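Coordinates in review
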Amino acid sequence: MNPAKFRLLTREEIILLQQQHCHAVDWNQVKVKDPFSPEKFREVYFSGEVYLGCQQKDVHIRNGYTLPSGIYMAAIHHCSIGDNVHISRVHGNIAHYRIGEGCVIRNIDT
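My aim in this report is to walk through the structure given alongside it, one point at a time. (Residues numbered from 1 in each chain as written. Predicted model: local features only at pLDDT ≥ 70, side-chain atom pairs only at ≥ 80, totals over all residues. Heavy atoms only, no water.)

1. Remarks on the pairing of strand β8 (residues 70-77)
For a regular strand, side chains alternate in direction, first toward one face of the sheet and then toward the other. As a reminder, the rule being used: Summary of the burial criterion: residues with accessible area below 20% of their type's maximum are buried, those above 50% are exposed, and those between are partly exposed, where the area comes from a 1.4 Å probe applied to protein chains only. The secondary structure listing takes helices from DSSP runs of H or I that are at least 4 residues long and strands from runs of E that are at least 2 residues long, numbered from the N terminus. Two strands are said to pair when DSSP picks up at least two bridges between them.
Among the eight residues in β8, six count as buried, and that is most of the element. In this sheet, β8 lies alongside strand β4 (residues 41-47) in parallel orientation, the contact comprising six bridges. The partner of Tyr45 across the bridge, within β8, is Ala75. Strand direction decides the pairing type here: β8 and strand β10 (residues 86-90), joined by three bridges, are parallel. The residue of β10 that forms the bridge with Ile71 is Ile87.

2. With respect to the nonpolar core
Which entries qualify depends on this criterion: To qualify as a nonpolar core, a set must consist of buried Ala, Val, Leu, Ile, Met, Phe, Trp, Tyr and Cys residues joined through side-chain atoms within 4.5 Å. Contacts are assigned to residue pairs that have any heavy atoms within 4.5 Å of one another.
One finds Phe46, Leu52, Ile76 and Ile87 to be the most contacted residues of the largest nonpolar core, which totals 25 residues. For this core, the elements supplying multiple residues, two or more each, are α1 (11-19), β3 (30-33), β4, β5 (50-52), β8 and β10. Residue contacts for Ile87: discarding those within four places in its chain leaves Gly70, Ile71, Tyr72, Ala74, Ile81, Ile94, Ile99 and Ile105.

3. Observations concerning the sheet that holds strand β1 (residues 6-8)
Pairing in this open sheet of five strands is mixed, and the strands run β1-β3-β5-β9-β12 from one edge to the other. Every interior strand has two partners, whereas the edge strands, β1 and β12 (98-99), have only one. Of the pairings in the sheet, the one linking β1 to β3 comprises three bridges and is antiparallel in character. The partner of Leu8 across the bridge, within β3, is Lys31.

4. Notes on the pattern of salt bridges
Put simply, the rule reads: By convention in these notes, a salt bridge is any Lys or Arg side-chain nitrogen within 4 Å of a carboxyl oxygen on Asp or Glu.
Within this structure, the stated rule accounts for four salt bridges. One salt bridge connects Arg7 with Glu13, and the closest N-O pair in it is separated by 2.7 Å. The class of Arg7 is partly exposed, set by a relative accessible area of 25%. On the accessibility criterion, Glu13 (10% relative accessible area) is buried. Salt bridges sharing partners connect three or more residues here, namely Arg7, Glu13 and Asp34.

Structural data, given as structure tokens:
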């Protein structure tokens, strides 16, 4: 991960994220890579320094099944998230991880 490829969120992006029930301890700690798609994040709590990759393509898993990329219903603390991942229904949190491109994390606790 190259931090130079990431930027701060715009005010408009923060407003869209908040409308989708996303929250951050400090929005200045959330860095994104372009092109950024705020609609790919719903009910996410961000804390610590978080880097978000591009979420533009569906994530393909076995038997031709696909999932939309993005993060849905999760708490992310001090993580680097790769491009085109699917993270959903994290009942605890994901903390201090580097999550690679194309990863799927669903229905976990902590």
